[in-house]
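Chain by chain, the residues:
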Amino acid sequence: MASKTPLMSRLLRRLEVNRDTDVQVDTYVNKDTRPLPPSRRPYGPWHFVGLWMVTGSFNVGGWTTGSSLISLGLNVWQAMLAIIIAHTFVGFVCVAGGHPGAKWHIGFPIWMKQNWGTWGYLFPMAIRVFLSFVWTATNTWYGCQCLKVLLTCIWPSFLNLDGDLANGAMKVYDMVSFVLYFLLCLPLVWFSPENYKKPFMIASITVATTIFVLLIWSTVRANGGGALLNNPSGVSGVEPATGRALGWAFVSAITANIGSIATHMWSQSDYTRYARKPGDQVLAQLIMVPLGTIVVACIGIICTSCATTIYPQEAENGLLWNPYDFLDAVRRNEDTRGARAGVAFASIAFMLAQFGMVVASNLVVAGIDLAALLPRWFTVRRGGYFTIAFVFILQPWSLLNSATNFLTVVGSFNIFLGPLMGVMFSDYFLLRKKTMKLTAMYSSTPASIYWYTGGWNWRAAVAWVLGTSYLIPGLAQRAMASGEVWAGWTRLYQLAWFLGFVVSGVVYLGLDWWSPMPGKTEVDEHDVFGTFGERDMLEGVDVPGKSGDGDVGELGEKDRVGIEEKRVGE
């Protein structure tokens, strides 16, 4: 008599994700890890505009952009100039970072195999999974604070739940709001990313309207732009930077802006893979990335400035930089039914924006990461649920309890992500001429051209270490003695993203010149995954293969059935 299958084995088999069997590759491929077919690519230019409005600027983080810059000793106009420069640059980086997803329709984790190796990609993925967990927890906390304002508008007695929790880092009403917001996020995780188009548009229109209404109301009530615009140091209590210190403060402001959005621009391929055609991402990246942040950051500064004039007693405990603190101050001081209704609707708008940040910008990204790492067990949906379960473990109320500590965390992203992006871009754009061999991405054997040495591309590892190591002392100074300047180390840290990007990129190119990688511009001979279908040709999506430099040419009518990708460089 045959022995019974152990319970654990049966359970694991039930938990396995359905494997796509229509492609012959030696790794486990499911519907979320393969290159997306045309039927799953519904995003056009305006859908990406809605995506970027919600996940890039029109949210709590976008509103507070100016707060950290004013704290560096800049006045309002200097801070806005730094924001304009930084986010204009970010727009171009986002277009570059989204190109592999828009052209080849793969997610970020699969792209990492090309420049780090079929096993080496685990290193950048470990960093990104960690960052996804941190940002999920942080944005869930922001969302719960908006929900708390809403609940207080409806039931003022809600604030009676004022017992201390977590050593005074939060109140009972904070925890209740956090749990409720967590539960509200759960149903949204169920939907696939290609179904977020309409929610993005609704959320972006709602929160954009709310932000402009708050600007008009604030300036009317304050009879102008408020005290912070005219006397930033007197209102904020920060000594204005002058001379050489002003120059370095300005540089730090630009780098900090890039650091605050580094994770997002690093992950562009996860959404651009849903583009109908490669050019659909460009409008949103080049226009909405800088424009959205500039507008929202400016409005956030002005409304905070107006609040110091309208409610001077509130400013005694610190400026109202967070939009939920600003709205709560309006509720407390106006204390009319109309004011409470207006604050309630504004809170809902910011809640919707934070849903986009938590679910679309963080949980989807984490889900794609986990699906790529463990495709047998994870889809995007499962990965999202797994990630959001960790928000209680990470305790964002403690992470955000100290502004200095949080800025240290944000600043450290520059150190690690700048060098990673330097390797990515130099590999993809300069060495490979924007080509990929998709089947080699889904192979974990030495036969893959991305196997390198034991599955690791040592060139990427060496370049990353050399691009990062000299920035570590500056990070240590930021964490241990933020008010000091450690000779050149602090200055290097203030240039972290740019230096890391350039140094790692140049070192990577040099290592490939010294020890060239094989098959850099190889592509598949056939459309193995069914990625480049009829709609690609009809709408002008590039299908690789006709020009010798790795750029693409359009296929003719005779190639419409059984699309072939010709090998570059033959």
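The rules we used
Each chain carries its own residue numbering, running from 1 in the direction its sequence is written. Predicted model: local features are reported for residues with pLDDT of at least 70 only, side-chain atom pairs are reported and counted for 80 or more only, and whole-chain, interface and lining totals are derived from all residues. Heavy atoms throughout the structure, all of them, feed into the side-chain values; hydrogens and water do not. An axis is simply a line fitted to the C-alpha atoms; with a helix, the fit covers only the stretch in contact. Between two such axes, the angle follows the N-to-C directions and lies from 0 to 180 degrees. Per the convention used, a helix needs a DSSP run of H or I reaching at least four residues, while a strand needs a run of E reaching at least two, with both numbered from the N terminus. Put simply, angles under 35 degrees are roughly parallel, angles over 145 are roughly antiparallel, angles from 65 to 115 are roughly perpendicular, and the rest are oblique. Should the near helix be turned counterclockwise from the far one by less than a right angle, the crossing is left-handed, whereas a clockwise turn marks it as right-handed. Residues are treated as being in contact if the distance between any of their heavy atoms lies within 4.5 Å. Classification convention: Asp, Glu, Lys, Arg as charged; Ala, Val, Leu, Ile, Met, Phe, Trp, Tyr, Cys, Pro as nonpolar; all other residues, Gly among them, as polar. Relative accessibility decides the category of a residue: with a 1.4 Å probe and only protein chains considered, values under 20% of the type maximum give buried, values over 50% give exposed, and everything between is partly exposed. Polar contacts, as used here, are pairs of N or O atoms within 3.5 Å; protein pairs need one atom able to donate a hydrogen and one able to accept it. Residues neighboring in sequence count only if both atoms are side-chain atoms. What counts as a ring pair is set by centres within 6.5 Å for rings of Phe, Tyr and Trp (its six-membered ring), and what kind of pair is set by the plane angle: stacked under 30 degrees, edge-to-face over 60, tilted for all other angles. Lysine and arginine charges are scored as sitting over a ring when NZ or CZ, respectively, is within 6 Å of the ring centre and within 35 degrees of the ring normal. The set of buried Ala, Val, Leu, Ile, Met, Phe, Trp, Tyr and Cys residues whose side-chain atoms join them within 4.5 Å is what this entry labels a nonpolar core. For every residue, the predictor states its confidence as a pLDDT score lying anywhere from 0 to 100. Any carboxyl oxygen of Asp or Glu within 4 Å of a side-chain nitrogen of Lys or Arg constitutes a salt bridge here.

**Student:** Is there a simple way to explain the packing of helix 5 (residues 76-104) against helix 12 (residues 243-260) in this structure?
**Tutor:** Closest axis-to-axis distance for the helix 5/helix 12 pair is 8 Å, and the angle between their directions is 45°. As the angle between them shows, helix 5 and helix 12 are arranged oblique. Where helix 5 crosses over helix 12, the handedness of that crossing is right-handed. Between helix 5 and helix 12, the residues in contact are Gln 78, Leu 81, Ala 82, Ile 83, Ile 85, Ala 86, His 87, Phe 89 and Val 90 and Leu 246, Phe 250, Ala 253, Ile 254, Asn 257 and Ile 258, respectively. The residue inventory of the contact of helix 5 with helix 12, partitioned by class, reads 12 nonpolar, three polar and no charged.

**Student:** Looking at this model, I keep getting lost on the side chain of Asn 457. Mind explaining?
**Tutor:** Among the structural elements, Asn 457 can be located in the loop between helix 22 (438-441) and helix 23 (458-468). Judged by relative accessible area, which is 0%, Asn 457 ranks as buried. Within polar-contact distance, the side chain of Asn 457 engages the side chain of Arg 459 at 3.0 Å. With residues up to four places along the chain from it excluded, the contact list for Asn 457 reads Asn 115, Trp 116, Gly 117, Tyr 452, Tyr 508 and Met 517.

**Student:** Help me understand the packing of aromatic side chains, please; the structure alone is not making it clear to me.
**Tutor:** Under the criterion given, the structure shown has 36 aromatic pairs. Aromatic side chains Phe 108 and Trp 266 sit 4.9 Å apart centroid to centroid with 65° between the ring planes, which places their arrangement in the edge-to-face category. Here Phe 108 is found in helix 6 (residues 108-116), whereas its partner Trp 266 is found in helix 13 (residues 262-266), with 158 residues between them in sequence. We classify Phe 108 as buried; its relative accessible area is 0%. Centroid distance Phe 182 to Phe 392: 5.1 Å. Interplanar angle 70°. Geometry classified as edge-to-face. In this pair, Phe 182 is assigned in helix 8 (residues 172-189) and Phe 392 in helix 19 (residues 391-394), connecting sequence segments 210 residues apart. For Phe 182, a relative accessible area of 12% puts it in the buried group. Residue Phe 392 is classed as partly exposed on the basis of its relative accessible area, which comes to 29%. One aromatic cluster in this structure is built from Phe 89, Phe 108, Trp 111, Trp 266, Phe 425, Tyr 428, Phe 429, Trp 497, Phe 498 and Phe 501. The side chain of Lys 113 reaches across the aromatic face of Tyr 121, ending 5.0 Å from its centre.

**Student:** Which parts of the structure should I look at to understand unusual backbone geometry?
**Tutor:** Excluding glycine, residues mostly have negative phi values, and the peptide bonds linking residues are mostly trans. Residues other than glycine seldom take positive phi values, yet His 105 does so here, at roughly 60°. On the secondary structure map, His 105 appears in the loop between helix 5 and helix 6. In the Ramachandran plot, Ala 166 falls in the positive-phi region, its phi being about 50° despite a non-glycine side chain. Counting through the fold element by element, Ala 166 comes out in the loop between strand 1 (164-165) and strand 2 (170-171).

**Student:** For this particular structure, what's the right way to read the packing of helix 8 against helix 17 (residues 337-373)?
**Tutor:** Angle between the axes and distance between the axes: these two values describe a pair of packed helices. Remark: helix 8 packs on helix 17, axes separated minimally by 10 Å, with the N-to-C direction vectors making an angle of 55°. In terms of their interaxial angle, helix 8 and helix 17 are classed as oblique. Here helix 8 and helix 17 pass one another in a crossing that is right-handed. For the pair helix 8 and helix 17, the contacting residues are Tyr 181, Leu 184, Cys 185, Leu 188 and Val 189 in the first and Met 351, Gln 354, Phe 355, Val 358, Val 359 and Leu 363 in the second. For the contact of helix 8 with helix 17, a count of residues per class yields 10 nonpolar, one polar and no charged.

**Student:** Looking at this structure, how should I read the nonpolar core?
**Tutor:** Generally speaking, a soluble globular protein has its nonpolar side chains buried in company with each other. Core analysis: the largest hydrophobic core is formed by 146 residues, its most contacted members being Ile 106, Trp 111, Met 265, Tyr 271 and Phe 350. Beyond its immediate sequence surroundings of up to four residues, Ile 106 is in contact with Pro 35, Pro 100, Gly 101, Trp 111, Ser 269, Arg 273, Met 436, Leu 438, Met 441 and Tyr 442. Core analysis: the next-biggest nonpolar cluster, separate from the first, contains six residues, Ile 415, Tyr 470, Leu 471 and Ala 496 among them.

**Student:** Honestly, the confidence of the model for the chain in this entry has me stumped. Any pointers?
**Tutor:** Atom-level detail of predicted coordinates should not be read off regions where pLDDT is low. Confidence in the prediction for the chain averages 84 pLDDT; 89% of positions are at 70 or higher. When mean pLDDT is taken per element in the chain, helix 23 scores highest with 96 and strand 4 (residues 552-553) scores lowest with 36. Note on residues 534-570: pLDDT is under 50 here. Beyond four places in sequence and across chains, it has 80 contacts.

**Student:** Looking at this model, I keep getting lost on the pattern of salt bridges. Mind explaining?
**Tutor:** Pairing between side chains of opposite charge can happen when the charged atoms of each approach one another. All chains considered together, the criterion is met by 17 salt bridges. Among the ionic pairs, Asp 20 bridges to Arg 34, the shortest N-O distance being 2.9 Å. Taken together, the residues span a long stretch of sequence, with Asp 20 in the loop between helix 1 (7-15) and helix 2 (45-57) and Arg 34 in the loop between helix 1 and helix 2 at a distance of 14 residues. Residue Arg 34 is classed as buried on the basis of its relative accessible area of 8%. As a salt-bridge pair, Asp 328 and Arg 332 come within 2.7 Å of each other at their nearest N and O atoms. With Asp 328 and Arg 332 both in helix 16 (residues 323-334) and four residues apart, this pair spans about one turn of that helix. Through salt bridges with shared partners, a single ionic network connects Lys 31, Asp 32, Arg 40 and Glu 194.

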